[in-house]
Amino acid sequence: AKLQELQTAHDMQLGLMPTSDPVISGFEISGLTKAADEVGGDFFDYVWLDEAKTRLGIAVADVSGKAMKAAMTAVLASGMVYRELGSRDTPKIILSKINKPLYAKTDKRIFTAMTFALVDSNTKTLTFSNAGQMLPLLKRKGQVQSLQVKGPRLPLGIVEDVAYEETRIQLESGDGVILYTDGIPEAMNEQQVMQAMSEFTKEAVQHDDMTLVVIRVQ
């Protein structure tokens, strides 16, 4: 029965994931998550922050905690991301808004590391805020750099009120940005991440250890 429950939680969690890539002018965006044998708390999601579909919100999250609780928290957090549909808010506001109910409703030993990014096709910018997640990587003209985030980096659900900050960068044609969870082993350095990115296609094999969203600027 226990196994059955875990399978159900696992299916629910996988059911949250986008089944196709978002279509946004000037960008190619693709994501995948680990096909974990056990229920983990990784997920990613897309949400349109405006009706014209020029502002795409991208959440990449990793819930730490034991299987069932992590899966249920992921379901909860994903629902909160989706509630931002059409909200026109910016990433730092969205993370602060999601943090509060997660603090109120989840076990204190469970926390949700999340990057929330906003891709704007009108201005060709990426704005992101980071709650304890890995720093996004930018590949530009063959060089790789971590995108720094100002302000608190606390994961969601630990402290009731957190005023997150955000970073905004102007993108150039040919840029690649990766948002990912720390399921990538410590040993896997930036070059390997970039290799994963260059091999990353629509038919990408399921990596068994990470969640990854790749943004390519056309």
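Scroll up for the structure.
Quick notes on the rules
- Residues numbered from 1 in each chain as written.
- Predicted model: local features only at pLDDT ≥ 70, side-chain atom pairs only at ≥ 80, totals over all residues.
- Heavy atoms only, no water.
- Axes fitted to C-alpha atoms, helices over the stretch in contact; angles between N-to-C directions.
- Helix = DSSP H or I, 4+ residues; strand = E, 2+ residues; numbered from the N terminus.
- Parallel < 35°, antiparallel > 145°, perpendicular 65-115°, else oblique.
- Left-handed = near helix turned anticlockwise from the far one by under 90°.
- Contact = heavy atoms within 4.5 Å.
- Nonpolar A, V, L, I, M, F, W, Y, C, P; charged D, E, K, R; others polar.
- Pairing = 2+ DSSP bridges.
- Core = buried A, V, L, I, M, F, W, Y, C linked by side-chain atoms within 4.5 Å.
- Buried < 20%, exposed > 50% of the residue type's maximum accessible area, 1.4 Å probe, protein only.

(A) Local environment of the packing of helix α1 (residues 2–15) against helix α2 (residues 67–82). Remark: α1 packs on α2, axes separated minimally by 9 Å, with the N-to-C direction vectors making an angle of 30 degrees. Compared by their axis directions, α1 and α2 come out roughly parallel. Between α1 and α2 lies a crossing of left-handed hand. Along its contact with α1, which presents Glu5, Leu6, Ala9, Met12 and Gln13, the element α2 presents Ala67, Met68, Ala71, Met72, Ala74 and Val75. Grouping the amino acids of the contact of α1 with α2 by side-chain chemistry returns nine nonpolar, one polar and one charged.

(B) Just the sheet that holds strand β7 (residues 143–146), in detail. The strand order across the open sheet built from five strands is β1-β10-β9-β6-β7, with neighbouring strands paired in antiparallel fashion. At either margin of the open sheet sits one strand with a lone partner, and together these are β1 (27–32) and β7. Within the sheet, the average angular offset between the axes of one strand and its neighbour, ignoring direction, is 15 degrees.

(C) Quick look at the nonpolar core. Ranked by internal contacts, the top residues of the largest apolar core, which has 48 residues, are Ile29, Ile58, Met114, Leu126 and Ile215. Of all the elements, strand β3 (residues 55–64) adds the most residues to this core, at six residues. When neighbours within four sequence positions are excluded, Leu126 is seen to be in contact with Ala117, Leu118, Val119, Leu147, Thr167, Arg168, Ile169, Leu171, Val177 and Ile215. Grouped together as the second largest cluster of nonpolar side chains are seven residues, Ile178, Tyr180, Met210 and Val214 included.

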